[in-house]
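Coordinate analysis (summary)
Chain by chain, the residues:
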Amino acid sequence: WPSACSCSAGADGFIKVWTRFLECRLVVELTRLRTVNSVVRCIDWDYDVGRILFGTASAEIFEIGAGDGENLHKGALLEGHGGDELWGLAVNPVKDEFCTCGDDAFLRVWNILTHTTEMTVTLEMPARCCCFSPDGKQLAIGFGCPKKLSNRQFDGKWVVLDTEDYQVSHEARDSNKWITDIKYSPNGELIAMG
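These remarks concern the structure in this document.

**Some points on the sheet that holds strand S9 (residues 106–111)**
Backbone hydrogen bonds hold the strands of a sheet together, and the pairing may be parallel or antiparallel. Judged by pairing direction, the sheet is antiparallel, and its four strands sit side by side in the order S7-S8-S9-S10 without closing on themselves. Each end of this open sheet is capped by a strand with a single partner; those strands are strand S7 (86–91) and strand S10 (117–122). Each strand of the sheet is rotated relative to its neighbour by a mean of 15°, with strand direction disregarded. For strand S8 (residues 97–102) and S9, the ladder comprises five bridges, and the chain directions are antiparallel. Bridging from a neighbouring strand, Cys101 pairs with Leu107 of S9.

See below:
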């Protein structure tokens, strides 16, 4: 690539490679890369190796080829949480994994040994806390947020997910205030929240 070329990206969900005469040589649509959020927050181009590195508003970092726009890895190089804050953190008592949740309305399950995301689950609203059952077969999540972010936000709602497929096995709303902590009893028969 000649050093007179440049690349651009923004909130439109596209990365574009330009010649010095402002001719567009390549357009990469970020939804094709399966980004959680296609808004690009930062971008850098390594001319020598022909790679573009970019970070999204959902705290994902990708690396693509500058010649063809193909993802150079199976997915994101790094993943994290977007939104205002990360709130929930729980360690699985029987597997080498932990989960996180927060204002971005995503549950991420991480492998402790490889430091990679094993599963990303879209939640219906911001979450404040999470907890694995003692046998690791269930995951309880408490919802809510001090700011009303959507009409689908029901503070005080909580769900239990089956950790085999992360589908909802139980849901309830026992409060009108957001849930800040949730725990299983040692025998796994009760769930307490505050």
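After presenting the structure, the write-up continues.
**Regarding the pattern of salt bridges**
Considering all chains together, one arrives at seven salt bridges under this definition. The salt bridge partner of Arg51 is Glu63, with a shortest N-O separation of 3.7 Å. With Arg51 in strand S5 (residues 51–56) and Glu63 in strand S6 (residues 61–65), this pair connects stretches of sequence that are twelve residues apart. The partner of Glu171 in a salt bridge is Lys157, and the shortest N-O contact between them spans 2.7 Å. Note that Glu171 is positioned in strand S14 (residues 167–173) and Lys157 in strand S13 (residues 157–162), a separation of 14 residues in sequence. Residue classification places Lys157 among the buried residues on the basis of a relative accessible area of 10%. Within the structure, one salt-bridge network assembled from shared partners comprises Glu124, Lys157 and Glu171.

**As for the side chain of Thr56**
Structurally, Thr56 can be placed in strand S5. A distance of 3.0 Å separates polar atoms of two side chains, one belonging to Thr56 and the other to Ser58. When residues no more than four places from it in sequence are discounted, the contact partners of Thr56 are Thr35, Asn37, Val39, Val40 and Arg41.

**Focus: the nonpolar core**
In this structure, Cys99, Leu107, Leu123, Leu139 and Ile141 are the most contacted members of the largest nonpolar core, which totals 17 residues. Mapped onto this core, the elements with two or more residues apiece are S8, S9, strand S11 (127–132), strand S12 (138–143) and S13. Once residues lying within four places of it in the same chain are set aside, the contact partners of Cys99 are Gly88, Leu89, Ala90, Leu107, Arg108, Val109, Trp110, Cys130, Phe132 and Leu139.

**Section: the pairing of S7**
Two elements, S7 and S8, share five bridges in a ladder whose sense is antiparallel. Bridge assignment links Gly88 to a residue of S8, and that residue is Cys101. In this antiparallel pair of consecutive strands, S7 and S8, the connection spans five residues.

Procedures and definitions
Residues numbered from 1 in each chain as written. Predicted model: local features only at pLDDT ≥ 70, side-chain atom pairs only at ≥ 80, totals over all residues. Heavy atoms only, no water. Pairing = 2+ DSSP bridges. Helix = DSSP H or I, 4+ residues; strand = E, 2+ residues; numbered from the N terminus. Axes fitted to C-alpha atoms, helices over the stretch in contact; angles between N-to-C directions. Salt bridge = Lys/Arg side-chain N within 4 Å of Asp/Glu carboxyl O. Buried < 20%, exposed > 50% of the residue type's maximum accessible area, 1.4 Å probe, protein only. Polar contact = N/O pair within 3.5 Å; in protein donor to acceptor, adjacent residues only side chain to side chain. Contact = heavy atoms within 4.5 Å. Core = buried A, V, L, I, M, F, W, Y, C linked by side-chain atoms within 4.5 Å.

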